[in-house]
Amino acid sequence: KWDGIALCGTKLFCAPYQASSVLVIDGESEDYNMLSSSNFASEEGGGQWSGIACYEDKLFCAPRNASSVLVIDGKTERLSNISCGVDGIDKWVGITRFGNMLVCAPSCASSILIIIGETNEIIVRPCLDYPGDRSKWNDIAQNGTKLFCSPAYYKGILVFEDQALQLELKQMKTSISSLSSIPYAEKSGPRSSFSISINSQKCGHRSSLASAFLVDAIRGGNRKSVRKLLDLNVCPNSMRDGVTALRAAVQERDEEVVHELIKRKVSTSDISRNVEYAIQLGYEDIAKILSEAGGNISL
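Residues numbered from 1 in each chain as written. Predicted model: local features only at pLDDT ≥ 70, side-chain atom pairs only at ≥ 80, totals over all residues. Heavy atoms only, no water.

A. Looking closely at helix 7 (residues 284–292). Listed in full, the buried residues belonging to helix 7 are Ile286, Ala287, Ile289, Leu290 and Ser291. Considering only its buried residues, helix 7 is in contact with helix 4 (245–251), helix 5 (255–263) and helix 6 (268–281). Downstream of helix 7 by a residue or two, Gly294 has a phi angle that is positive, lying close to 120°. (Buried < 20%, exposed > 50% of the residue type's maximum accessible area, 1.4 Å probe, protein only. Helix = DSSP H or I, 4+ residues; strand = E, 2+ residues; numbered from the N terminus. Contact = heavy atoms within 4.5 Å.)

B. Inspection of the nonpolar core at higher detail. Membership of the largest hydrophobic core comes to 44 residues, with the highest contact counts inside it found for Val103, Leu214, Ile218, Leu261 and Leu290. Among all residues touching Val103, those that are not within four sequence positions of it are Gly94, Ile95, Thr96, Phe98, Ile112, Leu113, Ile114, Ile140, Leu147 and Phe160. (Core = buried A, V, L, I, M, F, W, Y, C linked by side-chain atoms within 4.5 Å.)

C. Summary view of the packing of helix 5 against helix 7. Two elements in contact, helix 5 and helix 7, have axes separated by 10 Å at closest approach and are oriented at 10°. Between helix 5 and helix 7, the interaxial angle falls into the category roughly parallel. Taken as a pair, helix 5 and helix 7 cross one another with a handedness that is right-handed. Contacts from Glu255, Val258, His259 and Ile262 of helix 5 reach helix 7 at Asp285, Ile286, Ile289 and Leu290. (Axes fitted to C-alpha atoms, helices over the stretch in contact; angles between N-to-C directions. Parallel < 35°, antiparallel > 145°, perpendicular 65-115°, else oblique. Left-handed = near helix turned anticlockwise from the far one by under 90°.)

D. Expanded view of the pattern of salt bridges. A full pass over the atoms with the stated rule returns 11 salt bridges. Notably, a salt bridge pairs Arg273 with Asp270, separated by 3.5 Å at the nearest N-O pair. With a gap of 3 residues between them, Arg273 and Asp270 both fall in helix 6, about one helical turn apart. Here the salt bridges share partners, and the residues they tie into one network are Arg223, Arg227, Asp254 and Glu256. (Salt bridge = Lys/Arg side-chain N within 4 Å of Asp/Glu carboxyl O.)

E. Examining the sheet that holds strand 5 (residues 49–55) more closely. One open sheet accounts for 4 strands, arranged 5-6-7-8; its pairing is antiparallel. Of all the strands in the sheet, just strand 5 and strand 8 (79–83) have a single pairing partner and so form its edges. Direction aside, neighbouring strands of the sheet carry axes that sit 25° apart on average. As paired elements, strand 5 and strand 6 (residues 58–63) share 5 bridges and run antiparallel to each other. (Pairing = 2+ DSSP bridges.)

F. Local environment of the sheet that holds strand 11 (residues 111–116). If you walk across this open sheet you meet the 4 strands as 9-10-11-12, and the pairing is antiparallel. With partners counted over all chains shown, the strands left at the sheet margins are strand 9 (92–98) and strand 12 (122–126), one partner each. Neighbour-to-neighbour, the strand axes of this sheet turn through a mean angle of 25°, independent of strand direction. Taken together, the 5 bridges between strand 11 and strand 12 define a ladder with antiparallel strand orientation. Each residue of the ladder has a partner; that of Ile114, found in strand 12, is Ile123.

These figures come from the coordinates and say nothing about function on their own.
What follows is the structure in structure tokens.
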């Protein structure tokens, strides 16, 4: 009935696959309710949306057989849709947030579907040629500045790397994003790859994308990516959804990253705010580090 679940605030939303409604679960009370999605479904019937991801207060469902992206307002629980301009079945399966974008994995579609979370704008970019009508990839996940699509029948893992972010951070003028396929069934042979261009204006501000990556890397415990982003001059005061990089490091109780952010001149006001926050969490070791770095609350 439903295919995919995502958290927005304290509620969980399930994407309607064969069902004619979105399933909403209250994570605290465990009550649930239904939101009818039949007005946005394609005439073909089932298999409408497959996969769901959250961007701030909105949720987006990947169009599998539907002709549009289903959008759910997490606060009001109102539904709307965005036409993707592509017909057919089994188009995209799986969706994940990638900075300020939502990216859908191509199943039988010959393109990557990108949704700009802030504006609801749709971007469709060509993908690898694949003969036949069998599903190529069937889900997608982020690691650092890369996205990986799991193979269904295609003999390769699809990789989407945001090189545009890296290039801008290095103050280069050209912005490109690349897609490549990593052969997993064969131990030898050339790696096939190709490039596509994504308009930097359509993709939003790269600085906000960089900020999101830094906070995500901290939350994921990926210290190598944290250092790499900071070395590329990503601001140590970066935020994602109102959470600063330092706040994320405190939440993870990661002393090494806290030290790294302090070394990179994170703002003293953020240090002071997080001294009190660390104390509230019972993280006296983190609170001490922050206090010694200039936080105005002493242990």
